[in-house]
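# Chain and residue survey
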Amino acid sequence: MRARYNGVADWYAARSTNWAEDNREDLLALLGPGEGRLCLDLGCGTGNYFAMIKETGRRVFGLDRSSDQLRFARTKGDVPLVESDAARLPFAAESFDDVLALWISTDLDDFAGTLREIRRVLRPDGLFYFYGVHPCFNGPHVEYQEDGGRLAHPTYRQSGWHQPSAWWAGDGIRGTVGMRHTPLAEFLNAFFAAGFVLEHAVEPGDGPVPGALAVRARLSSGVPR
C-alpha cells in the first residue's frame, strides 16, 4: 500500500482538527467500556482519536502507513506507534484485545486482506470496530445535494480506485488523495470471509442520509485462523 498521505499531512491535520470530537458520542457508544484492553488504532493517522480511546479505559497502540501522518501522532501523548501496511501487520497472532479502524476503508488497496490480518492479530475474545465511510451513501460514486440528499452515480458498482469525477469539487479528501470504493456486498463479504460475526451496526449522525457506517464484529469460533 502506498502512503498517500505523505506530503499532505499538514493539510490533513489542519482540516481534521474537530473531526474526532464530531464523532465522539457515536464512537464512545460503539466502543463501550474496555478497562485494560489493548486496542490497535489501525490507520491512526494524526492520532486524533487516541485520547478518546483512552477514555474508555483501553490502552492504545497506533499504526499508519504514512510517516508524515505519524509526525503528528507522536505529539498526541505516550502511545506506541509503528509505520506499516494494514494488509501486512507486523504483529504476532493474538496480540490485541481490540482493533479499531476509523475512516480508512477508502484508503486501502486490499480491504478484504486487511480484515484477514485484523482477525489474525485479535485474541480469541477480541472485537473489531469499524467506523467509516458508508458504502452506499459516501465515496467516490456519491454527489452531495444541497438538501442533504446523496446522488449515487452508476459507478457505485465499480470496486476499487476511481478516477476523479466532475462532482469531486473543491480540495477535499477525494480530490487530494483519491478514493477507493467497496460496494456494500463486497464490504460485508469481507467480514464473513475473514471469519467475523457482525454483532451491531449503526449509521452515525443525524443527517437525512447517513455518510458513515459503524460496525462491531466478533471472531467466529468456527473459522480457523
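A short tour of the structure in this document, coming up. (Residues numbered from 1 in each chain as written. Predicted model: local features only at pLDDT ≥ 70, side-chain atom pairs only at ≥ 80, totals over all residues. Heavy atoms only, no water.)

## Points about the overall build of the protein chain
Of regular secondary structure, the protein chain possesses eight helices and eleven strands. Computed over its C-alpha atoms, the radius of gyration of the protein chain comes to 17 Å, within 12% of the 17 Å expected for a compact globule of 225 residues. Taken along its principal axes, the extent of the C-alpha atoms in the protein chain is 45 × 40 × 35 Å. Put simply, the protein chain has 225 residues, and 52% of those count as buried. Once local pairs closer than 6 in sequence are excluded, the contacts in the protein chain between residues at least 24 apart make up 66%. Carbon and sulfur atoms form 51% of the exposed surface of the protein chain, whose accessible area is close to 10,500 Å². Averaging the positions of the 24 positive and the 29 negative side-chain charges in the protein chain gives two centres separated by 6 Å. (Helix = DSSP H or I, 4+ residues; strand = E, 2+ residues; numbered from the N terminus. Rg over C-alpha atoms; globule rule 2.2 N^0.38 Å. Buried < 20%, exposed > 50% of the residue type's maximum accessible area, 1.4 Å probe, protein only. Contact = heavy atoms within 4.5 Å. Areas by Shrake-Rupley, 256 points an atom, 1.4 Å probe, with all protein chains shown as cover. Lys, Arg positive; Asp, Glu negative; His and termini not counted. Charge placed at Lys NZ, Arg CZ, Asp CG, Glu CD.)

## What about the nonpolar core?
Grouped together as the largest cluster of nonpolar side chains are 29 residues, with contacts concentrated most on Leu-40, Leu-42, Val-99, Phe-128, Phe-191 and Phe-196. The set of elements that each furnish at least two residues to this core consists of strand 1 (38-42), strand 2 (59-64), strand 4 (96-102), helix 6 (111-121), strand 5 (122-133), helix 8 (184-194) and strand 11 (212-219). Non-local contacts of Val-99, meaning those with residues more than four positions away in its chain, are made with Leu-40, Leu-42, Ile-118, Val-121, Leu-122, Leu-127, Phe-128 and Tyr-129. Counting 20 residues, the second-largest nonpolar core is a separate cluster that includes Leu-31, Phe-50, Ala-73 and Leu-127. (Core = buried A, V, L, I, M, F, W, Y, C linked by side-chain atoms within 4.5 Å.)

## Structural notes on the environment of Glu-203
Checked against the element boundaries, Glu-203 lands in the loop between strand 10 (196-202) and strand 11. The residues touching Glu-203, leaving out its near neighbours within four places in the chain, are His-134, Phe-137, Pro-210, Ala-212 and Leu-213. One polar contact links Glu-203 to His-134, side chain to side chain, over a distance of 2.8 Å. (Polar contact = N/O pair within 3.5 Å; in protein donor to acceptor, adjacent residues only side chain to side chain.)

Don't take any of this as a statement about function, it's just geometry.
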